[in-house]
Amino acid sequence: MWGQNSDGAPVSELQRRFLQMEQRALDLSKRLSEMSGTEPIELIDRNESLAPVQLETDAQQSYDQLPGPMVEPLPIPEEPITEEMPTVYQSEVVRVAPTTQQRKGDYYLMPLVGFAVATSTTFTEHEYDDDLHGEWGNAIGLFAGKRWDNWLAYVRISYQYLEYENPSFKADNPTRVFGNEESYSASFGGGYSIPLTQKLSTYGALGIGFAWRKNSADVQFQIEQDGYLKWVDDPEGDRTKSSLVFTYDFSMGLEYMFSQNYSARLGYRLLGLTSNKSFDGSFQHLIELGVGANF
């Protein structure tokens, strides 16, 4: 489509649109001058018709349709190519060691045998007051328990026997004393087990309970008879005391599982007993060996 200027020359559609934009600018300037009371700005002084007219020739239209000058695009800066390493996601499974309960079962039952070493007690009665030193002794017992993960609880019944002596007992005359101690105990306690390997573990436990404790003492003193020195028994005879006492113990050791349902234990137990009348409280050091069932 075309317009026509004052001298009759045709106006292209592009020129006509530019003229319309200029006319709008003039109208806007006139409105602003009326609002502000200033003179409007006259930018265009031409008398051109913007009405479209029929094109008389195809030459101008063909020219307008020609493409403009070729504009080469600006080069795009190239970023240095870095070789990205692919992200590799690796799943690591941490091996969790099974607990004692998982390896051996919820419950256990184990008989024990042992022997006692290095213990003593004090015998005090009338003019007698000195220590009695422990000799070798023995012990048997049975305990059963329950496991929770690596924790354990147990009940134990046991019997302990130990002999004492003091060949140089403190007295007015040369005196010697021989004696023994028996105890029937029942206790309960708890502890913790730490697996060392698939089959070997270590444990520690504490327990409390009661025991029927029986102590005896045979007192002998030396006299001179017919020019000879000889040992004679105290006329008062055997001094035997028994009573119900309180017990406490600490145990630790190693346990080896040689099959799925059976294990063996080698441990140390320190057994403490409170006083029994003329006999002071005592400690027994027990080395115990047991073989039991897990289920």
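Residues numbered from 1 in each chain as written. Predicted model: local features only at pLDDT ≥ 70, side-chain atom pairs only at ≥ 80, totals over all residues. Heavy atoms only, no water.

## Brief notes about helix α1 (residues 13-36)
With 24 residues, α1 ought to run about 34 Å at 1.5 Å a step, and its terminal C-alpha atoms sit 35 Å apart, in line with that. Of all the residues in α1, the buried ones are Arg 16, Leu 19, Leu 26, Ser 29 and Ser 33. Residue Gly 37 follows α1 closely and has a positive phi angle near 75°. (Helix = DSSP H or I, 4+ residues; strand = E, 2+ residues; numbered from the N terminus. Expected span 1.5 Å × (residues − 1). Buried < 20%, exposed > 50% of the residue type's maximum accessible area, 1.4 Å probe, protein only.)

## A word on the environment of Gln 101
The residue Gln 101 is located in helix α3 (residues 100-104) in this model. Each C-alpha atom of the pair Gln 101 and Asn 150 lies 6.3 Å from the other, and the pair is 49 residues apart in sequence. Contact partners of Gln 101, with chain neighbours within four places excluded, come to Asp 106, Lys 146, Arg 147, Trp 148 and Asp 149. (Contact = heavy atoms within 4.5 Å.)

## Some words on the environment of Asp 149
Residue position: Asp 149 is located in the loop between β6 (128-148) and β7 (151-169). Through-space distance from the C-alpha of Asp 149 to that of Gln 102 is 7.1 Å; in sequence the pair is 47 residues apart. For Asp 149, the residues in contact, after removing those within four places along its chain, are Thr 99, Thr 100 and Gln 101.

## Re the packing of aromatic side chains
To describe a pair of aromatic rings, you give the distance between the ring centres and the angle between the ring planes. For the structure on display, the rule yields 13 aromatic pairs. Pairing Phe 210 with Phe 246 gives two aromatic rings, centres 6.1 Å apart and planes at 75°, and the pair type is edge-to-face. Of the two residues, Phe 210 sits in strand β9 (residues 200-225) while Phe 246 sits in strand β11 (residues 239-257), which places them 36 residues apart along the sequence. Summarising the aromatic geometry, the rings of Tyr 248 and Phe 283 are spaced 6.2 Å apart at their centres and angled 75° between planes, so their arrangement reads as edge-to-face. (Phe/Tyr/Trp six-rings, centres within 6.5 Å; stacked < 30°, edge-to-face > 60°.)

## Quick word on the pairing of strand β12 (residues 262-273)
Here β11 pairs with β12 via 11 bridges, running antiparallel. Directly across from Gly 253, in β12, lies its bridge partner Gly 267. The hairpin formed by β11 and β12 contains 4 residues between the paired strands. In this sheet, strand β13 (residues 282-294) lies alongside β12 in antiparallel orientation, the contact comprising 12 bridges. Residue pairing in the sheet places Leu 273 in a bridge with Ser 282 of β13. (Pairing = 2+ DSSP bridges.)

## A few points about the side chain of Glu 255
By the element assignment, Glu 255 lies in strand β11. Side chain to side chain, Glu 255 and Lys 104 meet in a polar contact 3.2 Å long. One polar contact links Glu 255 to Arg 265, side chain to side chain, over a distance of 2.9 Å. Once residues lying within four places of it in the same chain are set aside, the contact partners of Glu 255 are Lys 104, Met 110, Arg 147, Lys 199, Leu 200, Ser 201, Ser 263, Ala 264 and Arg 265. (Polar contact = N/O pair within 3.5 Å; in protein donor to acceptor, adjacent residues only side chain to side chain.)

## Thoughts on empty space enclosed by the protein
Per the counting criterion, the structure on display carries 3 cavities of 30 Å³ or more. Reported here for the largest cavity is a volume of approximately 100 Å³. Forming the walls of the largest cavity are 13 residues, and the residues nearest its centre are Phe 143, Arg 156, Tyr 203, Ser 251 and Arg 265. Counting only elements with at least two residues in the lining of the largest cavity, the list comes to β4 (107-117), β7, β9 and β12. By residue class, the composition of the lining of the largest cavity is 8 nonpolar, 2 polar and 3 charged. Space inside the second largest cavity adds up to approximately 50 Å³. Lining the second largest cavity, in full, are Thr 100, Lys 104, Tyr 108, Arg 147, Leu 152, Ser 193, Tyr 203, Glu 255 and Arg 265. Among the residues making up the lining of the second largest cavity, the classes are represented as 3 nonpolar, 2 polar and 4 charged. (1 Å grid on protein atoms, 1.4 Å probe; cavity = no way out; pocket = protein on both sides within 12 Å on 5 of 7 lines; lining within 4 Å. Points joined across faces, edges and corners; volume = space filled by probe spheres on them. Nonpolar A, V, L, I, M, F, W, Y, C, P; charged D, E, K, R; others polar.)

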